[in-house]
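Residue strings, one per chain:
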Amino acid sequence: MPERTASMTAHDKAVEQIRESYAAIPEGSAPRLAKATTNLFRFREPVKTARLSARDLDQVIEVDPERRTAEVQGMTTYENLVDATLPYGLMPYVVPQLKTITLGGAVTGLGIESSSFRDGLPHESVEELEILTGDGRVVVAREEGEYADLFRAFPNSYGTLGYALRIRIKLAPVKPFVRLTHLRFTDAAKCMLAMQEICQSGEHDGERADFVDGTYFSPDELYLTIGTFADTAPYVSDYTGMRIYYQSLRTRTRDWLTVRDYLWRWDTDWFWCSRAFGVQQPLVRSLLPRRWLRSDVYRRLVGLDQRYGVTARLDRWRDRPVQESVIQDVEVPVERAAEFLEFFQEQVGMTPVWMCPLKATGQWSLYPLEPGRLYVNFGFWGMVPLPRGAHDGHHNRLIENAVHDLEGHKSLYSSSFYEREEFWRLYNGDAYWPVKDAYDPGGRLLDLYEKCVRGR
């Protein structure tokens, strides 16, 4: 209790500081939260903004092993939270793939992982949110009560309704190890059918499936990976050094990882995106310190490339076609998922593609997935040559149209190209605007369209 009291005292001081800073922002200046890391891919032109420091809002306040909850500040990374909970044999129900994703970011944006087929999205295990609203108030929102409307609208609002200062999240029990089974498929429709059966039954080969995800390499090479908690393991693999996790899917059918290494199995190589930096070359990899093999390091490199246009200059020098950045996560109903893969192979052709099943456990107004319906998240991140005469956004707009034709949705952490009316229809403007008017009536924060589509 004394430790919690000290942590809460420090938290209250940080809340007061950010509230005072927010109140001091001149009228007409757009606030922007200053974070040490980001996993957004909406690159904006540098503009003068009033930056709110969040450096004192990145701590785990308390882990309560009896109630199986954790109280954390909004800018706490999942890496720090997992390190605080695993000694108690606990973890968040859904741990997004990258270490530096923050809890506030996963709740006000969207997160997903291989437990999402069972446990939904990260915000669905949140009990309480302390939020600095657009009109400068600090409120505590729960599923029931005075601020329930804000609680329900906060997911997918991307900081346009306010900022998460403190989060109370439910935790799940874990075992020390995860046994992995990799199943190969040569047909997308059969792969999706198997995924659906495993997720609906919650088991594979008579044993519980605690985690399910998959990887698409080509139309005749797809893998499902089923993870099952285990008390012991005959060995454990290490993919934090010379060995690369996604490559192992193609060479083995069974594997074992510690639970921590399983949670961060994708982070070392940012799924497979590290290959763009030559990091998967054995010589380069052997020379790099392990501490550099992290998603946030690669993300900083991408930011520098975007700022200085290094790749674009090299492409012009080599007389290569202009490339479009295609960095997206989309959700498509499992029964339409094979259709999406066929479209994606023909029109975009980028591989690999991550496949992660999810099932929303409740209704969330700004990201209207049908509760209880199984969707597949497809994640793809890279550059694609533009056809001659096509403009930037060509492939991304094709993807947006295809996703919504297939009754799906796409996350808004990256570039979007929707027309205003279309956007508000797809992302439930009828539910958004009453909450926006209630908690940010002066419009101090950008609205969702201005921020996520126009990139302001």
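Preceding this paragraph is the structure being described.
A brief structural summary. (Residues numbered from 1 in each chain as written. Predicted model: local features only at pLDDT ≥ 70, side-chain atom pairs only at ≥ 80, totals over all residues. Heavy atoms only, no water.)

**Some remarks on the pattern of salt bridges**
Close approach of charged atoms allows side chains with opposite charge to pair. Rules: When a carboxyl oxygen of Asp or Glu is within 4 Å of a side-chain nitrogen of Lys or Arg, the pair counts as a salt bridge. The helix count covers DSSP runs of H or I at least four residues long, the strand count covers runs of E at least two residues long, and both are numbered beginning at the N terminus.
For the coordinates displayed, the defined rule picks out 34 salt bridges. The residue glutamate 113 makes a salt bridge to arginine 265 at a minimum N-O spacing of 3.1 Å. Linking glutamate 113 in the loop between helix H3 (103-108) and helix H4 (116-119) with arginine 265 in the loop between helix H8 (259-263) and helix H9 (282-287), this pair joins segments that are 152 residues apart in sequence. Linking arginine 285 and aspartate 269 is a salt bridge whose minimum nitrogen-to-oxygen distance equals 2.8 Å. Here the residue arginine 285 occupies a position in helix H9, and aspartate 269 occupies one in the loop between H8 and H9, the gap between them amounting to 16 residues.

**Points about the pairing of strand S9 (residues 177-185)**
What counts here: A pair of strands counts as paired when DSSP detects no fewer than two bridges linking them.
When S9 meets strand S13 (residues 221-230), the two strands line up antiparallel, connected through nine bridges. Residue pairing across strands places leucine 183 opposite leucine 224, the latter belonging to S13. Relative to strand S14 (residues 254-258), S9 runs antiparallel, the two being bridged by five bridges. Considered in S14, the bridge of threonine 181 is made with arginine 254.

**Considerations on the side chain of threonine 215**
Stated precisely, the cut-off is as follows: Only heavy atoms enter the contact rule, under which two residues are in contact if any of them lie within 4.5 Å.
With respect to the helices and strands, the residue threonine 215 is situated in strand S12 (residues 211-218). The residues touching threonine 215, leaving out its near neighbours within four places in the chain, are Glu221, Leu222, Tyr223, Leu249, Trp266, Trp272, Pro352, Val353 and Met355.

**Let's talk about helix H6 (residues 188-201)**
Where we set the bar: The span you would expect from a helix comes to 1.5 Å times its residue count less one. Relative accessibility under 20% of the residue-type maximum defines a buried residue, over 50% an exposed one, and the middle range a partly exposed one, all with a 1.4 Å probe and only protein chains included. Throughout, the arc means the angular range of directions from the helix axis out to the C-beta atoms. The definition of a polar contact used here is a pair of N or O atoms within 3.5 Å, where within protein one atom must be able to donate a hydrogen and the other to accept one, and adjacent residues in sequence count solely through side-chain atom pairs.
In this model H6 runs 20 Å from its N-terminal to its C-terminal C-alpha over 14 residues, within 8% of the 20 Å that 1.5 Å per residue would give. Where H6 is concerned, the buried positions are Ala188, Cys191, Met192, Ala194, Met195, Ile198 and Cys199. For H6, the buried positions fall inside an angular range of 160° around the axis, keeping them on one side. Opposite the buried face of H6, at more than 90 degrees from it, the exposed residues are Lys190 and Gln200. The distance from a side-chain oxygen at the start of H6 to the backbone nitrogen of alanine 189 is 3.1 Å, and the residue carrying that oxygen is aspartate 187. Once H6 finishes, glycine 202 follows within two positions and takes phi at roughly 75°, a positive value.

**Things to note about the pairing of strand S16 (residues 353-359)**
Consecutive residues of a regular strand have side chains that alternate between opposite faces of the sheet. Extensive coverage of S16 is indicated by the burial of six of its seven residues. Bridging between S12 and S16 involves three bridges; their strand directions are antiparallel. From the neighbouring strand, threonine 215 faces S16, where its bridge partner is tryptophan 354. Pairing analysis gives six bridges linking S16 to strand S17 (residues 374-385), with the strands arranged antiparallel.

**Some details on the packing of helix H12 (residues 337-347) against helix H13 (residues 394-405)**
Inclusion rule: Here an angle of 0 to 180 degrees is reported between the N-to-C directions of two axes, which are lines fitted to C-alpha atoms, with helices fitted over the stretch in contact. If an angle is under 35 degrees, it is roughly parallel; if it is over 145, roughly antiparallel; if it lies from 65 to 115, roughly perpendicular; otherwise it is oblique. In this scheme the handedness of a crossing depends on how the near helix is turned from the far one: anticlockwise by less than a right angle means left-handed, clockwise means right-handed. We call Asp, Glu, Lys and Arg charged. Ala, Val, Leu, Ile, Met, Phe, Trp, Tyr, Cys and Pro are nonpolar, and the rest, Gly among them, are polar.
Here H12 crosses H13 at 165°, and the two axes come no closer than 11 Å. Relative to H13, the element H12 is oriented roughly antiparallel. Between H12 and H13 lies a crossing whose hand is right-handed. Across the interface between the two elements, Phe340, Phe343, Phe344 and Gln347 of H12 pack against His395, Leu398, Ile399, Ala402 and Val403 of H13. Across the contact of H12 with H13, the residue classes tally to seven nonpolar, two polar and no charged.

**What to know about helix H2 (residues 78-85)**
Of all the residues in H2, the buried ones are Tyr78, Glu79, Leu81, Val82 and Thr85. Projected down its long axis, H2 carries its buried residues within an arc of 165°, all on one side. Of the surrounding elements, those touching the buried residues of H2 are strand S3 (60-64), strand S4 (69-73), strand S5 (90-92), H3, strand S8 (162-173) and H8.

**Structural notes on the packing of aromatic side chains**
In plain terms, the rule: Planes of paired rings set the category: under 30 degrees apart is stacked, over 60 is edge-to-face and the rest tilted, where pairs are Phe, Tyr or Trp rings (Trp by its six-membered ring) whose centres lie within 6.5 Å. Our definition puts a charge over a ring when NZ of Lys or CZ of Arg is within 6 Å of the ring centre and also within 35 degrees of the ring normal.
Here the structure, examined in full by the defined rule, presents 29 aromatic pairs. On the basis of an interplanar angle of 75° and a centroid distance of 5.1 Å, the ring pair of phenylalanine 211 and phenylalanine 229 is categorised as edge-to-face. Remark: phenylalanine 229 occurs in strand S13 and phenylalanine 211 occurs in strand S12; sequence separation between them is 18 residues. A relative accessible area of 2% places phenylalanine 211 in the buried class. Where phenylalanine 340 meets phenylalanine 343, the ring centres are 5.7 Å apart and the plane angle is 50°; that geometry is what we call tilted. On the criterion of helical spacing, the pair formed by phenylalanine 340 and phenylalanine 343 is a turn pair, its members being three residues apart in helix H12. No difference in accessibility class separates phenylalanine 340 from phenylalanine 343, as the two residues are buried. Through pairs of rings, three or more aromatic residues link up here, namely Phe217, Tyr223, Tyr239, Tyr245, Tyr246, Trp266, Phe271, Trp272, Trp354 and Trp381. Here arginine 152 stacks its cationic end above the ring of tryptophan 364, 4.0 Å away from the centre of that ring. Note that arginine 250 overlies the ring of phenylalanine 217, its terminal NZ or CZ placed 4.1 Å from the centroid.

So far we have only geometry, and geometry alone does not tell us how the molecule works.
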